[in-house]
Structures are given as C-alpha cells and as structure tokens.
Amino acid sequence: MKSFAIFTAVLVYASQATAISVTGAAEGFAKGVTGGGSATPVYPSTTAELVSYLGDSSPRVIVLQKTFDFTSTEGTTTTTGCAPWGTGSACQLAINKDNWCTNYEPDAPTSTITYNTAGMLGITVASDKTILGSGSLGIIKGKGLRIVSGASNIIIQNIMITNINPKYVWGGDAITINNADMVWIDRVTTSLIGRQHIVLGTSASNRVTLSNNYINGVTSWSATCDGYHYWGIYLDGSNDMVTMKGNYIYHTSGRSPKVQGNTLLHAVNNYWYDNSGHAFEIGAGGYVLAEGNVFQNVDLVYESPVSGSLFTAPSTSANTACSTYLGRVCQVNGFGSSTTITQTDTAFFSNFAGKNIASAAAYGTVVASVTATAGYGKI
C-alpha cells in the first residue's frame, strides 16, 4: 500500500511537470525567445521562494499555482504626499517620490498618505526565465515584476498582477522593463495599479513583444478622477522595438500607450474599448505603425500634437506602402463611436527592414479573438 502511494505521487508529479508549458510562440520583434527553455519546472510555495527563483542565475520554468500576496511583506510607509488632481474621493493622490510633488506640483494640496512599501519596487527577474500561471491560479498581489540591468530571454505568460497601491501615483508598476532584450509578455492581466501597468524605461529594452494581455483600467481612484486609469502603457526606451498584438486595453483615460524616446511600435490587432481620454500619446522619437486595430468608445484615438511619426493604415491604397518593408499590405483599423485617425508618415518604415514582423488579420475579427484570448486564465 505504501509503495502504491509513492508510485501515485510520482505519477502526479510527472503529469504536473509535463502538463505546464508555454502556449504558442512570440510573434513580432521578440520572436525566438525561449525563456527557461526545457528546464524542469519549479513550483514556489512562498513569496520568498518565488523571489529567489525569479532572481537567481539558473534557467528556470517557474509555475505559479496560487496567489502570492506581497501586500504586507514590507510593512507600510506613512508620509506627506500631494493631491495634484483634486481632493475628491475618486482622485488619485501622489507619493512624493524623488520629490515629485515638491518639484512638479508645489501648489497642490498636501495630504498624509499611508502605502504598502512592497509595491514601490518590483521583483527582479533575471535572464532565461519562464513564468507560467497554472489555469487561473497564478496571481501576484501587491508587487510587480522588474526586468532590468541587462536581463534577457524572458517569457511571462498567463498570470495576473494586481493591487499595487492603486490609490497612489508612484505607488508601483505592474511590469517594468529597462535595459533588457528579448522579452515576451503574453496573456497577462494587470489591474488596480498605482502607476504604469507596463513601462519600458529610458534605457534600451530592445526587442519586446506584448501580446494577448488585458490592461484593466477599472479603478476607484484615478488621475482623471473618473474611475478610468490614466497610466496604462509607457514606452520610452532609447533603442526599443515593441510589438503590441492582440491586447485588450479597457477603461483607461490616457497613456494607452505613450510612445517616445527612440521606440518603434507595431500595434496590430489590439482592441481599445471604453477610453474616456486618449489612447495614443506620441512624443519625439516615437515611431508608430497602427494597423488592424479596433477602437470602440475611445474619445481621442491619439492626442494632438503628434511629435513623433504615425502611420494609421487609413485606406487600402495608402496601405500598399507597407509592402516594401513588411512584406504585405497593412490592414485598415476599425472605429466605433470613436474619433477616426488619418496620418500617413512612412519615412520610418525602413526601421522594419530585416526584422520579425507580426502578422495582421482584418479588424473585423479582432473583437471576438481578443475577448476570447486576452488575459490570464484562458489557457
């Protein structure tokens, strides 16, 4: 009987290890990323163990089968912040991080605030890591992830990151990438975040693919004081190529995304729904090709002026310009109760030469495909 129990346990462990694997493969600029590759999966059981696995030097496949709650792991900090967007109950307050309130909002009302310290800095993710959620079980609460300092070859798939000081700007980001390469973020849900859901910092993050993610901007506190999160996606790297495909960007009011620095963005087959402000904000050094997307109930698809470059794939005839460098005609975008966009900058198309380019479907297929696949818990 004892030997049978041991044999059963071995079978369960073996089936568990083989059942968890990456679904699909990265398209676009991060095509070819392998993460932890064929490393034997590990299953952390504590927050400390998760931090250790993510940050060590070994290639790893790390499977999350529970909620890892970091909310109270580093205690709380009480300090004086500010209220730059108003003192109403629906308005975010700001932490005076790096004297931000003092330097940029000196006339804003001050406020005593208490936040969870753990949220301020994400967990370091070292090179050659695959992070996988099991079903709908893989949740990280109260702390984000940081891919920095030269980290490369990383896959994050099918997890949720949530509840990082959502009341406070500068309270923490869900995913930070800065000075990195070959990063694929796929089928990740982010919600209730203090600052950015996804941010690429000012150093080069090189080749990044963001696919099938669910940016959920529903919140009780926002910089626009309307329940729509403002700080969505910020792409600001010095030498970045970012593919955004199949993402669901919901209930935001700005920076969805903000693109500048020296960033080439291919935004294809994404679904923006219910935005009370603007989706794209394109600063100097932002080069954006947007095709085959759907914008539904978006007040401003892009904020004026566009200081960078933008091609909006406005018509079949205009879209033939894509053929030389993408190898195909671009797909027109679809709009419902949204402002339409027409801008046809093409000088930056040569930046796509020789790169891995994501495929594009007609916009009419996007809503059904994105709502069926975007976010965690669907594989």
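The model shown is predicted, which means the values in this text are computed figures rather than measured ones. (Residues numbered from 1 in each chain as written. Predicted model: local features only at pLDDT ≥ 70, side-chain atom pairs only at ≥ 80, totals over all residues. Heavy atoms only, no water.)

(A) The overall build of the chain, seen in detail. When helices and strands are counted, the chain shows five helices and 26 strands. The C-alpha radius of gyration of the chain comes to 21 Å, within 12% of the 21 Å expected for a compact globule of 379 residues. Along the three orthogonal principal directions, the C-alpha set of the chain runs to about 75 × 55 × 35 Å. Relative to its full complement of 379 residues, the chain shows a buried share of 55%. A separation threshold of at least 6 residues defines the contact pool for the chain, and within that pool the share at least 24 residues apart is 69%. When the accessible surface of the chain is totalled, it reaches about 14600 Å², and 51% of it is carbon and sulfur. Positive and negative side-chain charges in the chain, numbering 19 and 21 respectively, have mean positions lying 9 Å apart. (Helix = DSSP H or I, 4+ residues; strand = E, 2+ residues; numbered from the N terminus. Rg over C-alpha atoms; globule rule 2.2 N^0.38 Å. Buried < 20%, exposed > 50% of the residue type's maximum accessible area, 1.4 Å probe, protein only. Contact = heavy atoms within 4.5 Å. Areas by Shrake-Rupley, 256 points an atom, 1.4 Å probe, with all protein chains shown as cover. Lys, Arg positive; Asp, Glu negative; His and termini not counted. Charge placed at Lys NZ, Arg CZ, Asp CG, Glu CD.)

(B) Just the packing of aromatic side chains, in detail. All told, the structure shown has 20 aromatic pairs when counted by the stated rule. With 5.2 Å between their ring centres and 10° between their planes, Tyr248 and Tyr271 make a pair best called stacked. With Tyr248 in strand β19 (residues 248-250) and Tyr271 in strand β22 (residues 271-282), this residue pair connects regions lying 23 residues apart in the sequence. Residue classification places Tyr248 among the buried positions, given a relative accessible area of 14%. Classification of Tyr271 by relative accessible area gives buried; the value is 8%. When the ring centre of Trp231 is taken as reference, the NZ or CZ atom of Arg195 above it lies at 4.0 Å. In this arrangement the basic side chain of Arg255 is found over the ring face of Tyr234, its NZ or CZ atom lying 4.8 Å from the centre. (Phe/Tyr/Trp six-rings, centres within 6.5 Å; stacked < 30°, edge-to-face > 60°. Lys NZ or Arg CZ within 6 Å of the ring centre and 35° of its normal.)

(C) How the structure looks around the side chain of Lys143. Structurally, Lys143 is set in the loop between β8 (139-141) and β9 (145-157). Judged by its relative accessible area of 8%, Lys143 is buried. Those residues in contact with Lys143, other than ones at most four positions away along the chain, are Phe70, Glu74, Ala118, Leu121, Gly122, Ile123, Ile161 and Ile164.

(D) Representation of the pattern of salt bridges in the model. Tallied over the full model, the rule gives 10 salt bridges. Between Glu281 and Lys258 there is a salt bridge, with its nearest N and O atoms 3.6 Å apart. Of this pair, Glu281 sits in strand β22 while Lys258 sits in strand β20 (residues 258-259), and the two are 23 residues apart along the sequence. As a salt-bridge pair, Arg328 and Glu291 come within 2.8 Å of each other at their nearest N and O atoms. Of this pair, Arg328 sits in the loop between α4 (323-326) and β26 (334-336) while Glu291 sits in strand β23 (residues 286-291), and the two are 37 residues apart along the sequence. (Salt bridge = Lys/Arg side-chain N within 4 Å of Asp/Glu carboxyl O.)

(E) Geometry of the nonpolar core. If you look at the biggest cluster of nonpolar residues, it comprises 55 residues, and the most contacted ones within it are Leu145, Ile147 and Phe280. Residues Phe29, Ala313, Cys330 and Phe349 belong to the second largest nonpolar core, which totals 12 residues. (Core = buried A, V, L, I, M, F, W, Y, C linked by side-chain atoms within 4.5 Å.)

(F) Seen up close, unusual backbone geometry. The linkage connecting Ser256 with the following residue, Pro257, adopts the cis geometry, with an omega of 10°. Mapped onto the secondary structure, Pro257 falls in the loop between β19 and β20. Going from Ser304 to Pro305, the amide bond is cis rather than trans, its omega being -5°. Counting through the fold element by element, Pro305 comes out in the loop between β24 (294-302) and β25 (309-311). Phi is positive for Asp98, close to 50°, though the residue is something other than glycine.

(G) Representation of the environment of Cys101 within the structure. Position of Cys101 among the secondary structure elements: in helix α3 (residues 100-104). Note on Cys101: relative accessible area 6%, which makes it buried. It is 8.7 Å that separates the C-alpha atoms of Cys101 and Ala83, two residues lying 18 residues apart in sequence. Among all residues touching Cys101, those that are not within four sequence positions of it are Gly81, Cys82, Ala94, Ile95, Asn96 and Pro106.

(H) How the structure looks around the state of the cysteines. Scanning all chains against the criterion turns up three disulfides. Paired through a disulfide, Cys91 and Cys225 show a sulfur-sulfur distance of 2.0 Å. Taking the sign of the S-S torsion, about 115° here, the bridge from Cys91 to Cys225 comes out right-handed. Highlighted residues: Cys91 in the loop between β3 (76-82) and β4 (93-94) and Cys225 in the loop between β16 (214-216) and β17 (233-235), separated in sequence by 134 residues. (Disulfide = S-S within 2.5 Å.)

(I) Expanded view of the confidence of the model for the chain. Residue-level pLDDT values for the chain average 95, and 95% of them are 70 or greater. Here residues 3-15 is modelled with pLDDT under 50, and outside its nearest four sequence neighbours on either side it reaches two contacts, counting other chains as well. (pLDDT = per-residue confidence, 0-100.)

(J) Expanded view of helix α2 (residues 47-55). For α2, the complete set of buried residues consists of Leu50, Tyr53 and Leu54. Around the axis of α2, the buried residues are gathered within 95° of arc, so they sit on the same side. Its buried side turned inward, α2 meets β1 (60-64), β2 (67-69), β6 (123-124), β7 (129-133), β8 and β9. (Arc of directions from axis to C-beta.)

(K) Up close: the pairing of β24. As judged from the six bridges shared by β22 and β24, these two strands associate in the parallel manner. Looking at β24, one finds that Phe280 is bridged to Tyr302. Where β24 meets β26, three bridges bridge the pair, whose relative direction is parallel. Bridging across to β26, Gln296 finds its partner in Gly336. (Pairing = 2+ DSSP bridges.)

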